Amino acid sequence: MRRTLTPDLCVIGGGSGGLTTAAAAAAFGVDVVLVEAGKMGGDCLNDGCVPSKALLAAGKHAAAIRESAQFGITAGEPQIDFAAVKDHVAGVIAAIAPNDSVERFEKLGVTVVEAHASFIDADTVAAGGTIIKARRFVIAAGSSPRVPQIPGLAETPFFTNETIFDLRGRPDHLIIIGGGPIGIEMAQAHRRLGCAVTVLEAGAFLGRDDPQLVAVVLAKLRAEGVALREGAKVVAVSTGQAGLTLTIETASGRETVPGSHLLVAVGRRPNVGGLGLDAAGIDFDAAGITVGADLRTTNRRVYAVGDVAGGPQFTHVASYQAGLVLRPILFRLPLKERRDHLPRVTFTDPELGQVGATEAEARAAGTLKDVLIWPYAENDRAQAERRLEGLVKIVVGRKGRIIGAGVAGVSAGEITNLMSLVVAKRMTVADLRDFISPYPTLSEIGKRAATDYYRPYTQKPWVRAAVRLLARFG
Ligand SMILES: Cc1cc2nc3c(=O)[nH]c(=O)nc-3n(C[C@H](O)[C@H](O)[C@H](O)COP(=O)(O)OP(=O)(O)OC[C@H]3O[C@@H](n4cnc5c(N)ncnc54)[C@H](O)[C@@H]3O)c2cc1C
Ligand SMILES: NC(=O)c1ccc[n+]([C@@H]2O[C@H](COP(=O)([O-])OP(=O)(O)OC[C@H]3O[C@@H](n4cnc5c(N)ncnc54)[C@H](O)[C@@H]3O)[C@@H](O)[C@H]2O)c1
């Protein structure tokens, strides 16, 4: 039966961006319809952040057992039941799923339509048997794995992030095409769970990050036995009796790499197909839906957030943008998206976190005044945990303002949280020096870098003379 809904707001996509938009609008009493074609929770819950972090957590436990002798505890090589690890991953998704469920959102006052949404004109969407005419729309349709045009790939069985977490048998030798965050996280997780792993990367591993920080992560992966091939472009794939063979092109010519299973992790493509964007006058290209700094599309009734909007692809960015678009939609307030304070973390062990500008970005922009570095090895907590590898790097701009920070090391993501506040609130090196950091914590590393920045003042003759003079007054 056909029905027509006329809500104030229609949200397309029930992932990180769409759920945040719908829940926040409903909290203000707005009449909201949310349309989801697949699983509520989207990529992050079902095929992305959550299963990948759960798999990494399992790998971390295996590594802890292997490395326990340095603490005086001998346990030996861990016995890994790969299928049971996958049950753990599924269990974590199931534990979080109720937060994102149709039932919960209906309780919040959102009308959920479980169907594929497509615009039929500038202010109307068709979703299954439902027609939705809304005052405003937010498209949060996400992205899908990009599958490259590599000869032989279409005829070869391969995994993407949408299928790898369902694999219950342990791969003997997993080959990963792509050394971005997905490739590198999956490489370490699988290696620690007992697979041989080779990662083939055409350019540089974790190429968007600071090479000095990336080196910390790569050193650990290499030490654990992950084969990392940089500057290795995969140009052909084939399967035969002996298994899988990939042909790579490197600076020294072509060679082949054998393996048993293949994971393709070469980036994402925005889910713009099937949305009827032309019918609604919404421009898009290969990067995603075209939006301005106000996240508005070329149709003034329609906003786009998250992966489909062509910006940085992170759950927290989708949620941040979702919060922003409610300003004009609910309150008619202007909005301008800020990107100078966005954080990101790659959840390897050690982790790699970055917020704001990297050193190279600040230098290219002409805003770099100083770089402060403090090593993990100088931190007492890192000593206690026997995790000395890594560093904090603080990028300082004009007037001592901290415009970026990068952290590579154990729990770098948590330190990045602190640095994220510092960068978002436009704090200075003095602010980071002056707060009290509980001892012994890893986050003290940032404070130590800031304190060290002022050390030259202790050497200045006039400062020393002033100290001596003041001492005379008793
Ligand atoms: C393996 C992996 C690990 C990741 N790890 C992290 C991490 O640790 N931290 C982090 O911040 N980010 C991580 N990400 C990125 C993160 O998952 C995405 O940036 C985030 O999910 C984007 O949210 P979104 O709302 O834009 O899209 P999604 O979460 O993908 O949601 C889009 C939803 O829209 C639905 N949809 C699409 N088209 C239609 C339509 N026409 N009609 C109705 N519904 C539709 C889809 O079914 C989907 O449910 C990871 C990604 C991957 C692949
Ligand atoms: N911890 C996190 O926050 C996290 C984790 C995973 C994914 N993500 C998000 O998902 C996005 C997608 O991740 P991704 O790793 O798929 O993409 P990516 O674009 O970051 O990396 C893909 C890599 O594949 C390489 N590549 C492409 N074609 C190749 C070929 N033929 N041979 C060899 N290498 C090739 C590219 O050079 C690139 O380095 C990320 O940008 C990130 O925003 C975030």
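How each quantity is defined
- Residues numbered from 1 in each chain as written.
- Chains lettered and ligands numbered in written order.
- Predicted model: local features only at pLDDT ≥ 70, side-chain atom pairs only at ≥ 80, totals over all residues.
- Domains from an automatic or database assignment.
- Helix = DSSP H or I, 4+ residues; strand = E, 2+ residues; numbered from the N terminus.
- Core = buried A, V, L, I, M, F, W, Y, C linked by C-beta atoms within 7 Å.
- Buried ≥ 20, exposed ≤ 12 C-beta atoms within 10 Å, placed from the backbone.
- Contact = placed C-beta atoms within 7 Å.
- UniProt positions renumbered as here; feature names shortened; annotations may be inferred.
- Near = placed C-beta within 6 Å.
- Nonpolar A, V, L, I, M, F, W, Y, C, P; charged D, E, K, R; others polar.
- Pairing = 2+ DSSP bridges.
- Axes fitted to C-alpha atoms, helices over the stretch in contact; angles between N-to-C directions.
- Expected span 1.5 Å × (residues − 1).
- Parallel < 35°, antiparallel > 145°, perpendicular 65-115°, else oblique.
- Left-handed = near helix turned anticlockwise from the far one by under 90°.

A. Quick look at the domain arrangement of the protein. We note that the domain assignment places domain 1 (3-40 + 101-145 + 269-331), domain 2 (164-266) and domain 3 (343-457) within the protein. The gap between the C-alpha centroids of domain 2 and domain 3 is 30 Å. Every element with two or more residues in the side of domain 2 that touches domain 3 is listed here: helix H6 (181-192) and helix H7 (211-223). In terms of residue count, H7 provides more of the side of domain 2 that touches domain 3 than any other element does, 7 residues in total.

B. Highlighting the nonpolar core. Of all hydrophobic cores here, the largest spans 79 residues; its most connected members are Ile 176, Leu 200, Val 217, Leu 263, Val 392, Ile 402 and Ala 405. Once residues within four sequence positions are removed from consideration, Ile 176 is found in contact with Gly 183, Met 186, Ala 187, Val 197, Val 199, Leu 200, Leu 263 and Ala 265. Within the second largest apolar cluster, 51 residues are counted, among which are Val 11, Ile 132, Ala 140 and Val 325.

C. The UniProt feature "domain: FAD/NAD(P)-binding" (unreviewed entry) in the protein, seen in detail. Residues annotated by UniProt as "domain: FAD/NAD(P)-binding" (unreviewed entry) correspond here to residues 8-322. For residues 8-322, the end-to-end C-alpha separation is 16 Å, with 28% helix and 27% strand making up the annotated structure.

D. Region of interest: the site of ligand 2. Neighbouring ligand 2 are 27 residues, the closest being Gly 178, Gly 180, Ile 182, Gly 267 and Gln 313. Taken together, the residues of the shell around ligand 2 break down into 13 nonpolar, 9 polar and 5 charged. Of the domains in this structure, domain 2 (164-266) and domain 3 (343-457) are the two that each give at least three residues to the shell around ligand 2.

E. Highlighting the sheet that holds strand E1 (residues 3-5). The strand order E1-E7-E6-E5 describes an open sheet built from 4 strands, whose pairing is mixed. Of all the strands in the sheet, just E1 and strand E5 (117-121) have a single pairing partner and so form its edges. Adjacent strand axes in the sheet meet at a mean angle of 30 degrees, parallel and antiparallel pairs treated alike. Sheet topology places E5 next to strand E6 (residues 124-127); 4 bridges connect them, and they run antiparallel. Its bridge partner lying in E6, Asp 121 is registered against Thr 124.

F. Main features of the site of ligand 1. Neighbouring ligand 1 are 37 residues; Gly 13, Gly 15, Gly 42, Gly 142 and Gly 306 lie closest to it. Those elements that place two or more of their residues in the shell around ligand 1 are helix H1 (16-27), helix H2 (42-46), helix H3 (49-66) and helix H8 (315-331). Residues belonging to the shell around ligand 1 are distributed by class as follows: 14 nonpolar, 19 polar and 4 charged.

G. Region of interest: H3. Taking 1.5 Å per residue as the helical rise, H3 with its 18 residues ought to reach 26 Å, and the 26 Å between its terminal C-alpha atoms agrees with that figure. Along H3, the positions that sit buried rather than exposed are Val 50, Pro 51, Ser 52, Ala 54, Leu 55, Ala 58 and Gly 59. At its buried positions, H3 is contacted by H2, helix H4 (82-96) and H6.

H. Inspection of unusual backbone geometry at higher detail. Cis geometry marks the peptide bond from Asp 349 to Pro 350, where omega comes out at 5 degrees. Inspection of the secondary structure assignment puts Pro 350 in the loop between strand E21 (343-346) and strand E22 (351-356). Even without being a glycine, Lys 399 presents a positive backbone phi close to 55 degrees. For Ser 411, which is not glycine, the phi torsion reads 55 degrees and is therefore positive.

I. Region of the structure containing the sheet that holds strand E15 (residues 253-259). Ordered by their spatial adjacency, 3 strands build an open sheet running E13-E14-E15, and the pairing between neighbours is antiparallel. The sheet terminates laterally at strand E13 (233-240) and E15, the two strands that pair on one side only. Between one strand axis and the next, the sheet turns by 25 degrees as a mean value, whatever way the strands run. Pairing between E13 and strand E14 (residues 243-250): 7 bridges, direction antiparallel. Residue pairing across strands places Ala 236 opposite Thr 247, the latter belonging to E14.

J. Seen up close, helix H11 (residues 412-424). Helix length check: H11, at 13 residues, gives a terminal C-alpha distance of 18 Å against a target of 18 Å (1.5 Å per residue), a fit within 8%. Considered for burial, the residues of H11 that qualify are Ala 412, Ile 415, Thr 416, Leu 418, Met 419, Ser 420, Val 422 and Val 423. Structurally, H11 contributes buried residues whose contacts are with E21, E22, strand E24 (390-396), strand E25 (402-409), helix H12 (429-434) and helix H13 (444-453). Once H11 finishes, Arg 426 follows within two positions and takes phi at roughly 55 degrees, a positive value.

K. The arrangement of the environment of Asp 380 in detail. Looking at where Asp 380 falls in the secondary structure, it is placed in helix H10 (residues 380-384). Distance from Asp 380 to Leu 442, taken between C-alpha atoms, is 8.1 Å for residues 62 residues apart in sequence.

L. Structural context of the packing of H3 against H6. Contact geometry for H3 and H6: axes closest at 8 Å, N-to-C directions at 40 degrees. Here H6 runs oblique to H3, going by the angle between their axes. Regarding H3 and H6, the two cross each other, and that crossing is left-handed. From H3, Ser 52, Leu 55, Leu 56, Gly 59, Ala 62 and Ala 63 reach across to H6, where they touch Glu 185, Met 186, Gln 188, Ala 189 and Arg 192. Broken down by class, the residue content of the contact of H3 with H6 amounts to 6 nonpolar, 3 polar and 2 charged.

M. Quick look at the UniProt feature "domain: Pyridine nucleotide-disulphide oxidoreductase dimerisation" (unreviewed entry) in the protein. Following the UniProt record, the feature "domain: Pyridine nucleotide-disulphide oxidoreductase dimerisation" (unreviewed entry) maps to residues 343-449 here. Each end of residues 343-449 is marked by a C-alpha atom, and these two atoms are 19 Å apart; helix forms 35% of the span and strand 29%.

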